[in-house]
Amino acid sequence: MPSRCKSHPVHHLPNKPCLDFKSLKELPDSFKWAPLDGPSRALELESESESESESVPVVDLNDPNAQKLIGLACKAWGVFQVINHGVSKSLLDKIEACGKSLFALPVQQKLKAVRSADGVTGYGPARISSFFPKRMWSEGFTIVGSPLEHARQLWPNDYSKFCAIIEEYQNEMNTLAEKLMWLILGSLGISTRDVKWAASPTGANPFKGASGVIQLNSYPACPDPSRAMGLAAHTDSTLLTILHQSSTSGLQVFQEWAGSWVMVPPISGGLVINIGDLLHIISNGLYSSVYHRAVVNKTRHRLSVAYLYGPEPNVRIQPLPKLSDANRPPLYRPVTWSEYLGIKGKHFDKTLSLIRLNNDSNEDNDNNSTLINGLKRGVDRTKSIKVDSNTKILAAFA
Ligand SMILES: C=C1C[C@]23C[C@H]1CC[C@H]2[C@@]12CCC[C@@](C)(C(=O)O1)[C@H]2[C@@H]3C(=O)O
Ligand SMILES: O=C(O)CCC(=O)C(=O)O
Ligand SMILES: [Fe+2]
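Here the residue numbering is sequential within each chain, running from 1 through the sequence in written order. Both sets of labels track the order of writing: A upward for chains, 1 upward for ligands. Totals for whole chains, interfaces and linings use every residue, but because this is a predicted model, local features are given only for residues with pLDDT of at least 70 and side-chain atom pairs only at 80 or more, for both listing and counting. No hydrogens and no water enter the side-chain calculation; it runs on all heavy atoms of the structure.

The name given to the chain in an unreviewed UniProt entry is gibberellin 3beta-dioxygenase, with Carnegiea gigantea as the source organism. On record in UniProt, under Sequence similarities (unreviewed entry), the comment for the chain is "Belongs to the iron/ascorbate-dependent oxidoreductase family. GA3OX subfamily." UniProt positions are given in the numbering used here, feature names are shortened, and annotations may be inferred rather than shown by experiment. Under Cofactor (unreviewed entry), UniProt gives the following word-for-word description of the chain: "L-ascorbate".

Student: Which parts of the structure should I look at to understand the environment of leucine 176?
Tutor: By the secondary structure assignment, leucine 176 is in helix H6 (residues 160–187). A 1.4 Å probe rolled over the protein chains alone gives each residue an accessible area, and that area as a share of the maximum for its type sets the label: buried under 20%, exposed over 50%, partly exposed in between. According to the relative accessible area criterion, leucine 176 is buried, its value standing at 3%. Residues leucine 176 and valine 87, spaced 89 residues apart in sequence, show a C-alpha to C-alpha distance of 7.9 Å. Apart from the residues within four sequence positions on either side, leucine 176 is in contact with Leu61, His85, Val87, Ile242 and Leu271. In DSSP terms, a helix is any run of H or I states spanning at least four residues, a strand is any run of E spanning at least two, and both are numbered starting from the N terminus. In this analysis, two residues are considered to be in contact whenever any of their non-hydrogen atoms come within 4.5 Å of each other.

Student: Hey, could you run me through empty space enclosed by the protein in this one?
Tutor: Empty space among the atoms becomes apparent when a probe as large as a water molecule is rolled across them. Definitions used throughout: a 1 Å grid over protein atoms alone; a cavity as a set of points that fits a 1.4 Å probe which cannot get out; a pocket as an open set with protein on both sides within 12 Å along at least five of seven lines; a lining residue as one with an atom within 4 Å of a point. Grid points are joined across faces, edges and corners, and a volume is the space filled by probe spheres set on the points. Applying the stated criterion across every chain, the model contains 3 cavities of 30 Å³ or more. For the largest cavity, the calculated volume is near 640 Å³. Lining the largest cavity we find 36 residues, and of these Arg127, Gln215, His234, Asp236 and Leu308 sit closest to its centre. Breaking the lining of the largest cavity down by element, the ones donating at least two residues are strand E5 (211–219), strand E6 (231–234), strand E7 (240–245), strand E11 (292–294), strand E12 (302–310) and helix H8 (337–347). Each residue receives one of three labels: charged for Asp, Glu, Lys and Arg, nonpolar for Ala, Val, Leu, Ile, Met, Phe, Trp, Tyr, Cys and Pro, and polar for the others, Gly being one of them. Taken together, the residues that form the lining of the largest cavity break down as 17 nonpolar, 13 polar and 6 charged.

Student: It is not clear to me how the coordination of the iron ion (ligand 3) should be interpreted in this structure. Could you clarify?
Tutor: Ideal values for angles at a metal depend on the geometry: 109.5 degrees with four tetrahedral donors, 90 or 180 degrees with six octahedral donors. Taken together, His234 (NE2), Asp236 (OD) and His292 (NE2) make up the full set of protein donors to the iron ion (ligand 3), lying 2.1 to 2.2 Å away. For the iron ion (ligand 3), the single-chain donor residues occur in sequence as H-x1-D-x55-H. Any nitrogen, oxygen or sulfur atom within 2.8 Å of a metal ion counts as a donor, with the limit raised to 3.2 Å for Na, K and Ca, and since water is left out, coordination shells can look unfinished.

Student: Could you clarify how one ought to interpret the confidence of the model for the chain in this entry?
Tutor: Interpretation of this model should avoid reading the predicted coordinates in detail wherever pLDDT is low. For every residue, the predictor assigns a confidence score, pLDDT, that lies between 0 and 100. Summing up the model confidence of the chain, the mean pLDDT is 85 and the portion of residues at 70 or higher is 79%. Residue range residues 362–369 is modelled with pLDDT below 50. Its contacts to residues more than four positions away, or to other chains, number 24 contacts. Here the predicted complex carries an ipTM of 0.99, next to a pTM of 0.88.

Student: Before we go on, may I ask you to explain the UniProt feature "domain: Fe2OG dioxygenase" (unreviewed entry) in the chain in this structure?
Tutor: Using the residue numbers shown here, the UniProt feature "domain: Fe2OG dioxygenase" (unreviewed entry) corresponds to residues 209–311. Helix makes up 6% of residues 209–311 and strand 44%, and the two end C-alpha atoms of the span are 7 Å apart.

Student: Sorry, what's going on with the pattern of salt bridges here?
Tutor: When the charged atoms of two side chains with opposite charge come close together, those side chains can pair. For this document, the term salt bridge refers to a Lys or Arg side-chain nitrogen within 4 Å of an Asp or Glu carboxyl oxygen. This model, assessed by the stated rule, comprises 8 salt bridges. A salt bridge links lysine 32 to aspartate 29, with the shortest nitrogen-to-oxygen separation between them at 3.5 Å. Residue class for lysine 32 comes out partly exposed when judged on its relative accessible area of 28%. For aspartate 29, a relative accessible area of 56% puts it in the exposed group. Measuring nitrogen to oxygen at the nearest pair gives 2.7 Å for the salt bridge that ties lysine 344 to aspartate 277. In this pair, lysine 344 sits in helix H8 while aspartate 277 sits in helix H7 (residues 277–282), placing the two residues 67 residues apart along the sequence. The pair lysine 344 / aspartate 277 is uniform in exposure class, with both members buried.

Student: Explain the sheet that holds strand E8 (residues 251–255) to me, please; I cannot follow it from the model alone.
Tutor: The strands making up a sheet associate through hydrogen bonds between their backbones, and the pairing can be parallel or antiparallel. Here a strand pair is declared whenever DSSP counts at least two bridges between the two strands. Taken in spatial order, the 4 strands line up as E6-E11-E8-E9 in an open sheet, and their pairing is antiparallel. Looking at strand neighbours, the two that pair on one side only are E6 and strand E9 (260–263), the edges of this open sheet. Sheet twist, expressed as the average angle between the axes of neighbouring strands with direction ignored, equals 25°. Bridging between E8 and E11 involves 3 bridges; their strand directions are antiparallel. Bridge pairing in E11 places leucine 251 opposite alanine 294. The axes are straight lines fitted to the C-alpha atoms, using for helices just the contacting stretch, and the angles between their N-to-C directions are given from 0 to 180°.

Student: For this particular structure, what's the right way to read the site of ligand 1?
Tutor: In this text, near means that some heavy atom of the residue lies within 4 Å of the molecule or strand in question. The immediate surroundings of ligand 1 are formed by 13 residues, with Arg127, Ile128, His234, Asp236 and Ser237 found nearest. Whenever two N or O atoms come within 3.5 Å, that pair is a polar contact, provided that in protein one can donate a hydrogen and the other can accept it, and provided that, for residues adjacent in sequence, both atoms are side-chain atoms. In this structure, isoleucine 128 approaches ligand 1 through a main-chain N or O atom, which is 3.0 Å from an oxygen atom. Here an oxygen atom of ligand 1 sits 2.5 Å away from a polar atom, N or O, in the side chain of serine 237. Whether a molecule sits in a cavity or pocket is decided by its atoms, more than half of which must lie within 2 Å of the grid points. With respect to the detected pockets, ligand 1 is housed in the largest cavity. Looking at the shell around ligand 1, the elements that each hand over two or more residues are E5 and H8. Examining the composition of the shell around ligand 1, we find that 3 residues originate from one element, H8, more than from any other. Classifying every residue of the shell around ligand 1 by side-chain character gives 7 nonpolar, 3 polar and 3 charged.

Student: Whenever I open this one, the pairing of strand E2 (residues 79–83) confuses me. Can you help?
Tutor: Each regular strand shows side chains that alternate between the opposite faces of the sheet. In terms of burial, E2 is largely enclosed, as 4 of its 5 residues are buried. Pairing between strand E1 (residues 58–60) and E2: 3 bridges, direction parallel. Bridging from a neighbouring strand, aspartate 60 pairs with isoleucine 83 of E2. Traced from E1 through helix H2 (residues 66–76) to E2, the parallel crossover comes out right-handed. Handedness rule for crossovers: strands pointing away from the viewer, path from the first strand over the helix to the second running clockwise, crossover right-handed.

Student: Honestly, the site of ligand 2 in this entry has me stumped. Any pointers?
Tutor: In the vicinity of ligand 2 there are 13 residues, among which Asn217, Tyr219, His292, Arg302 and Ser304 approach most closely. Contacts to ligand 2 include asparagine 217, whose side-chain N or O atom sits 2.9 Å from an oxygen atom. For ligand 2, an oxygen atom lies 3.2 Å from a polar atom in the side chain of histidine 234. Alone, ligand 2 offers 290 Å² of accessible surface; in the complex the protein occludes 95% of this. Where the shell around ligand 2 is concerned, the elements lending two or more residues are E5, E6, E11 and E12. Computed with a 1.4 Å probe, the accessible areas rest on the Shrake-Rupley method; for each residue, only the protein chains presented here act as cover.

Structure (structure tokens):
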């Protein structure tokens, strides 16, 4: 545990490494959350999420109206699913199989690639775990850049297949993320020449240097899903996140206007796109980042793979000038991805409000004040997380 965390004991739980979930026939107290609000069990919800008006939109990227539909989804939901996105089903199957084989390893083997107390990459509980008094019913594996070092520890004689699939996934996801960024920005009336914040000197490709973190999430079957939490409510510290979920449901998004949690049903070959905090900032609050969480299941193991996409780590991100004017002043100060992650590591869901500019006329423009799981955006949850520094991104995060 980093020593500076000790000064913030209130919500602190040691980031205990994951354990052998299969051996637990009852839910230990340390995993018992208050009964979940909203539908908790994945299977119960499948019927409820069928009503059209309550469902997260699905956009076919081959649809000539895709950009407009995406804009509507971003405004109303902050999340949508995409089909015909160009990433093959076989690659999605392959990455899912990679995740399954990783989490199926014996605990002792997984612990060889355990994330260090102040690190980002490797095996362990979700990074946000330490902000909550109860443990989450999940284990994760985080990859930034090359997974080679950890893959070698996990499979000393057989790591190259894992690395090749991860690399292919990173490439495909990066291409899709950039395409989605242009569609989302296009829906706000923003074109290439309006986006200078990440631009190369020539302005050729503003997403040069943009990249993503891969997060493999595993949610074992759980003896008491109504009291367990797979992954607690959070927004992603990204521009956007592309999520592949296995065929078992579990992802829920918070619908701010209805004040309720809505299940996002898995679509075979489909991908879920979440708006992250950095897009919230550059859109000047027009597209809000979406709170989401993962619930667990009594009988089925669930796996998800998130691609957490962000800009070059040291480039300044700020509300796009075209989306700010005298009537709608910029809501947030400039911040780099690296700086944002540092603040998030200390202040969790208070981060957006901490970088918000103090301007009374901003009040109506932002819809950050809904209570989620008893938390309001802006409630301080203190705990510092430092990261290691062996890749470009990691160095920038530190
Ligand atoms: C680039 C990122 C984004 C991080 C931090 C860092 C590396 C790991 C990511 C996640 C992945 C799992 C959910 C989350 C909430 C978590 O606990 O770790 C994410 C977090 C964030 O979006 O803030
Ligand atoms: O497992 C899921 O459905 C959600 C995962 C997630 O939110 C994340 O990795 O950031
Ligand atoms: Fe997330």
